[in-house]
Amino acid sequence: MSDLGPVSPGHRADAEWQRRWRLRPDGDPRTTASSALLPVTTRQGEPAMLKLSRVAEEQRGGVLLEALDGHGVARVLRRKGRAILIERATGMGDLVAMVAAGRDDEATRIVCETGALLHAASADVLALDDPPELVDLPTWFRQLFERADRLDPFHRRGADLAWTLLEAPRDEVVLHGDLHHGNVLDFGERGWLAIDPKALYGERAFDFANLLCNPSHERALRPGRLARQLDVVVATTGIDRGRMLDWLVAWCALSSTWFAIDGDPGHARSAVAIGELALALRAG
């Protein structure tokens, strides 16, 4: 079987990797647009997650996970081509549930602290003999730059802010790229760790913009919520408040563009609404 061929949910591929790596299923399989996932236990009885990537972006993230070697992220136990075996989160904590229970500030701090651990490993990752492929932020923002003038004035404003930020970056590090409540899990004794990085490189403030739009746009748009969580992010990370707002506006414009491309006008509009709140805070 080719390591880089298409993944077929049907689980022949799952079974092949189970045989190769002597794994036992330990839960129900699930599939996403980008990967197939199966909880397993290893030959040593260790809980793990077998992931078979469907797209190059997921494979790139797996290479970064391995390079980070457990610093702020789940440890990679095995990896070959599209297949990766990762330690599985078995703790009882859940950041989305924490927010729903009124512990929003605590959840935000946890995500920020997890991101800081990942960022702190940047020098070691970049010094590897064979460092992982990382996508720079100008490339990541390309679809916003290409479409801003075809959308609305907010997208043009977001694109202009993004260019300004990208022309004079600060504190450039290895970035997770999709850091939010659903991608930071409770690994018990190992603490809170990130999964599913996008493998980017750029200014560290970028990694916290998506956090402010989560765990849902509805939550982010509640009166007073954005300003409060912005203050938590700034206090936890030390990032300048105005610059964090600029990154949030740029991120919302990019996120809205992606939703529009995907045919999801509702989320495209709510991403713009969060960005407009950020502009109001920036002007206030």
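On a predicted model such as this, the values are computed, not experimentally measured, just so you know.

Caption draft 1: Broad picture of the overall build of the chain. Helices and strands together make up the secondary structure of the chain, namely twelve helices and eleven strands. Considering only C-alpha atoms, the chain reaches an extent of 60 × 40 × 40 Å along its principal axes. Every one of the 284 residues in the chain was classed for burial, and the buried ones make up 50%. Partitioning the intrachain contacts of the chain with sequence separation of at least 6 by distance along the chain shows that 66% fall at a separation of at least 24.

Caption draft 2: Here's a closer look at the environment of R241. With respect to the secondary-structure elements, R241 resides in helix 11 (residues 241–261). A C-alpha to C-alpha distance of 8.6 Å links R241 and R282, two positions 41 residues apart in sequence. Setting aside residues up to four positions removed in sequence, R241 forms contacts with L230, D231, V234 and L281.

Caption draft 3: Fine view of the side chain of D246. Its location among the elements puts D246 in helix 11. We classify D246 as buried; its relative accessible area is 13%. Residues contacting D246, with those up to four places away along its chain left out, are L161, L165 and R282.

Caption draft 4: Seen up close, the packing of helix 4 (residues 104–120) against helix 10 (residues 225–237). Contact geometry for helix 4 and helix 10: axes closest at 9 Å, N-to-C directions at 40°. Looking at the two axes, helix 4 sits oblique to helix 10. Where helix 4 crosses over helix 10, the handedness of that crossing is right-handed. Counted together, D104, D105, T108, R109, C112 and E113 of helix 4 and R225, R228, Q229, V232, V233, T236 and T237 of helix 10 form the full contact between these two elements. Taken together, the residues of the contact of helix 4 with helix 10 break down into three nonpolar, four polar and six charged.

Caption draft 5: Fine view of the pattern of salt bridges. Across all of its chains, the model carries 18 salt bridges by this definition. The shortest N-O distance in the salt bridge between E16 and R19 comes to 2.7 Å. Of this pair, E16 and R19 are both found in helix 1 (residues 12–21), three residues apart, which corresponds to roughly one turn of the helix. Classification of R19 as exposed rests on a relative accessible area of 56%.

Caption draft 6: Region of interest: empty space enclosed by the protein. All told, the structure shown has two cavities of 30 Å³ or more when counted by the stated rule. Its volume calculated, the largest cavity comes out at about 100 Å³. Secondary structure elements with two or more residues in the lining of the largest cavity: strand 4 (47–53), helix 2 (56–68) and strand 6 (83–87). Looking at the lining of the largest cavity element by element, the count peaks at five residues for helix 2.

Caption draft 7: Structural context of the pairing of strand 6. In terms of residue burial, strand 6 counts as a mostly covered element, since five of its five residues are buried. Inspection of the sheet shows strand 4 paired to strand 6 by five bridges, in the antiparallel sense. For K51, the partnering residue across the bridge sits in strand 6 and is I84. Across four bridges, the pairing between strand 5 (residues 76–80) and strand 6 is antiparallel. Looking at the pairing, R78 lines up with L85 of strand 6. Hairpin geometry of strand 5 and strand 6 is characterised by an intervening segment of two residues between the two adjacent antiparallel strands and by a positive phi of about 55° at G81.

Caption draft 8: Just the packing of aromatic side chains, in detail. As enumerated under the stated definition, the model contains nine aromatic pairs in all. Ring geometry for F145 versus W163: centroids 4.3 Å apart, planes at 15°, classification stacked. Residue F145 is located in helix 7 (residues 142–147), and its partner W163 is located in helix 8 (residues 153–167); the two are separated by 18 residues in the primary sequence. With a centroid separation of 5.7 Å and an interplanar angle of 80°, the aromatic rings of W251 and W258 are classed as edge-to-face. For W258, a relative accessible area of 23% puts it in the partly exposed group. Connected via pairs of aromatic rings, a cluster forms that spans W140, F141, F145, W163, F206, W247, W251 and W258.

Rules behind the numbers
Residues numbered from 1 in each chain as written. Predicted model: local features only at pLDDT ≥ 70, side-chain atom pairs only at ≥ 80, totals over all residues. Heavy atoms only, no water. Helix = DSSP H or I, 4+ residues; strand = E, 2+ residues; numbered from the N terminus. Buried < 20%, exposed > 50% of the residue type's maximum accessible area, 1.4 Å probe, protein only. Contact = heavy atoms within 4.5 Å. Axes fitted to C-alpha atoms, helices over the stretch in contact; angles between N-to-C directions. Parallel < 35°, antiparallel > 145°, perpendicular 65-115°, else oblique. Left-handed = near helix turned anticlockwise from the far one by under 90°. Nonpolar A, V, L, I, M, F, W, Y, C, P; charged D, E, K, R; others polar. Salt bridge = Lys/Arg side-chain N within 4 Å of Asp/Glu carboxyl O. 1 Å grid on protein atoms, 1.4 Å probe; cavity = no way out; pocket = protein on both sides within 12 Å on 5 of 7 lines; lining within 4 Å. Points joined across faces, edges and corners; volume = space filled by probe spheres on them. Pairing = 2+ DSSP bridges. Phe/Tyr/Trp six-rings, centres within 6.5 Å; stacked < 30°, edge-to-face > 60°.

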